[in-house]
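In case you want the letters, here they are:
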Amino acid sequence: QVQLVESGGGLVQAGGSLRLSCVVSGRTFRLYGMGWFRKAPGKEREFVAAINWSGSSTDYTDSVKGRFTISRENTKNTVYLQMNSLKPEDTAVYYCAADRAGLTIATIAEYDYWGQGTQVTVSS
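Residues numbered from 1 in each chain as written. Predicted model: local features only at pLDDT ≥ 70, side-chain atom pairs only at ≥ 80, totals over all residues. Heavy atoms only, no water.

Engineer: Just checking my understanding: could you explain the overall build of the protein chain for this structure?
Structural biologist: Of regular secondary structure, the protein chain possesses zero helices and 11 strands. Ordering the α and β elements of the protein chain from the N terminus gives β-β-β-β-β-β-β-β-β-β-β. Taking 124 residues into account, the globule formula puts the C-alpha radius of gyration at 14 Å, and the protein chain, at 13 Å, falls close to it. For the protein chain, the spread of C-alpha atoms along the principal axes amounts to about 40 × 25 × 25 Å. Taken over 124 residues, the protein chain has a buried fraction of 43%. Pairs at least 24 residues apart make up 59% of the contacts formed inside the protein chain by residues separated by at least 6 positions. By element, 47% of the accessible surface of the protein chain is carried by carbon and sulfur atoms, the whole surface being about 6,400 Å². In the protein chain, the 13 positive side-chain charges and the 11 negative ones have mean positions that sit 5 Å from each other. (Helix = DSSP H or I, 4+ residues; strand = E, 2+ residues; numbered from the N terminus. Rg over C-alpha atoms; globule rule 2.2 N^0.38 Å. Buried < 20%, exposed > 50% of the residue type's maximum accessible area, 1.4 Å probe, protein only. Contact = heavy atoms within 4.5 Å. Areas by Shrake-Rupley, 256 points an atom, 1.4 Å probe, with all protein chains shown as cover. Lys, Arg positive; Asp, Glu negative; His and termini not counted. Charge placed at Lys NZ, Arg CZ, Asp CG, Glu CD.)

Written out as structure tokens, the structure reads:
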């Protein structure tokens, strides 16, 4: 069974940075497309960033472009989300997800496996 474990969340002041990590169990991580999503209180879960199996393609939601960077290390079964210039509106639980098709996907329903999430809180 594939397991995803996020880490790196926490409390940070506006303008600060955090790097989230997601470690994926199993030997097929290198074949998965990976995504980061977030859910703020009272809102639906939303797409943040995605990367394909090789790392050659990435996608971001407009509100994080230029501030967040998704990357992956297939030798470590890990995907990262570097978050800079954080804003209070970035406060949410952040989830990583894996897609067996290996693509860069923004659609929640296309993902096959999910982590439990890590809380990010940005104070003003």
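The discussion continues.
Engineer: How should I be thinking about the environment of Glu46 in this particular structure?
Structural biologist: Relative to the helices and strands, Glu46 is located in strand β5 (residues 46-51). Residues Glu46 and Thr61, spaced 15 residues apart in sequence, show a C-alpha to C-alpha distance of 8.9 Å. Apart from residues lying up to four places away in sequence, Glu46 is in contact with Phe37 and Arg38.

Engineer: Any chance you could explain the state of the cysteines here in plain terms?
Structural biologist: The term disulfide refers to a covalent linkage connecting the sulfur atoms of a pair of cysteines. Enumeration according to the criterion identifies one disulfide in this entry. Note on cysteine connectivity: Cys22 is disulfide-linked to Cys96, with sulfurs 1.9 Å apart. An S-S torsion of about 45° defines the bridge between Cys22 and Cys96 as right-handed. Residue Cys22 is found in strand β3 (residues 18-24), and its partner Cys96 is found in strand β9 (residues 92-99); the two are separated by 74 residues along the sequence. Cys96 shares its class with Cys22; the two are buried. (Disulfide = S-S within 2.5 Å.)

Engineer: Any chance you could explain the environment of Arg19 here in plain terms?
Structural biologist: Locating Arg19 in the fold gives a position in strand β3. On the accessibility criterion, Arg19 (46% relative accessible area) is partly exposed. With 65 residues separating them in the primary sequence, Arg19 and Asn84 have C-alpha atoms 8.5 Å apart. Those residues within four positions of Arg19 in sequence are excluded, and the remaining contacts are Ser7, Gly8, Tyr80, Leu81 and Gln82.

Engineer: Can you help me understand the packing of aromatic side chains in this one?
Structural biologist: Where two aromatic rings form a pair, the distance of their centres and the angle of their planes describe that pair. All told, the structure shown has five aromatic pairs when counted by the stated rule. Residues Phe37 and Phe47 carry aromatic rings whose centres are separated by 5.8 Å and whose planes lie at 70° to one another, so their mutual orientation is edge-to-face. You can see Phe37 sitting in strand β4 (residues 33-39) and its partner Phe47 sitting in strand β5, a full 10 residues away along the chain. With respect to burial, Phe37 and Phe47 carry one shared label: buried. (Phe/Tyr/Trp six-rings, centres within 6.5 Å; stacked < 30°, edge-to-face > 60°.)

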